[in-house]
Amino acid sequence: MIITTVQPLQILLFPIGVTTVVWTLRDSFSDYTMATCLMDITIVGNEQITITCVDNQTRSTDPDVFNYTVQNQELDPTFYTGNLSSGVISNNFNNSSTLANAVFPIGEQQQLFGR
C-alpha cells in the first residue's frame with residue numbers, strides 16, 4: 001500500500017529568493033522512500049519601495065549655542081514600505097536608521113535616507 005501525503009504550501013511564508021521544496025512519496029508499511037521530486041519556488045520582490053521624509057525644517061538655537069540636537073525621531077522618515085526584509089534604512093549624516101540625538105552645526109544641512 002502506498003500513501004501519498006501532500007501538505008498545502010499556502011500556509012508557508014516564502015522569503016524573497018529561491019526556496020527548494022522536496023516532495024516525497026513513502027511506502028506506508030516500511031517508510032521506504034518510493035520517489036521524490038524537487039521544485040524551486042522563486043519569489044521576486046516587485047513591490048515598489050517608497051519612503052516619505054518630513055518637509056524641510058528650520059530650528060533655532062540660543063545666541064551662544066552653535067548646534068542643534070535632534071529631539072527623538074522628529075526628523076526621521078514618517079513612512080516607508082516595500083520589500084524591506086532584505087534592506088536597512090539609513091541616512092547620510094550618521095549612517096544610522098535615525099537622526100535622534102544627532103547634533104547639527106549651524107548652517108544648512110541636507111540629509112538623505114535610503115536603503
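As the structure is a computational prediction, the values presented were derived from the model and not from experiment.

## Observations regarding the nonpolar core
- Residues Val70, Leu75, Leu99, Ala102 and Phe104 constitute the largest nonpolar core, which totals five residues.
- Residues within four places of Ala102 in sequence aside, it is in contact with Tyr68, Thr69, Val70, Phe93 and Asn94.

## A closer look at the environment of Thr20
- Take Thr20: it is sitting in strand E2 (residues 17–27).
- Note on Thr20: relative accessible area 46%, which makes it partly exposed.
- When the C-alpha positions of Thr20 and Thr42 are compared, they lie 8.7 Å apart, and in sequence the two are 22 residues distant.
- Once you skip the residues sitting within four places of it in the chain, Thr20 turns out to touch Leu38, Met39 and Asp40.

## Let's talk about the pattern of salt bridges
- Applying the stated criterion to the full structure yields one salt bridge.
- When the shortest N-O distance is used, the salt bridge between Glu74 and Arg59 registers 2.8 Å. Of this pair, Glu74 sits in the loop between strand E5 (67–69) and strand E6 (79–81) while Arg59 sits in the loop between strand E4 (50–52) and E5, and the two are 15 residues apart along the sequence.
- Given the relative accessible area of 25%, Glu74 is considered partly exposed.

Here is what the cut-offs are and how they apply
Residues numbered from 1 in each chain as written. Predicted model: local features only at pLDDT ≥ 70, side-chain atom pairs only at ≥ 80, totals over all residues. Heavy atoms only, no water. Core = buried A, V, L, I, M, F, W, Y, C linked by side-chain atoms within 4.5 Å. Buried < 20%, exposed > 50% of the residue type's maximum accessible area, 1.4 Å probe, protein only. Contact = heavy atoms within 4.5 Å. Helix = DSSP H or I, 4+ residues; strand = E, 2+ residues; numbered from the N terminus. Salt bridge = Lys/Arg side-chain N within 4 Å of Asp/Glu carboxyl O.

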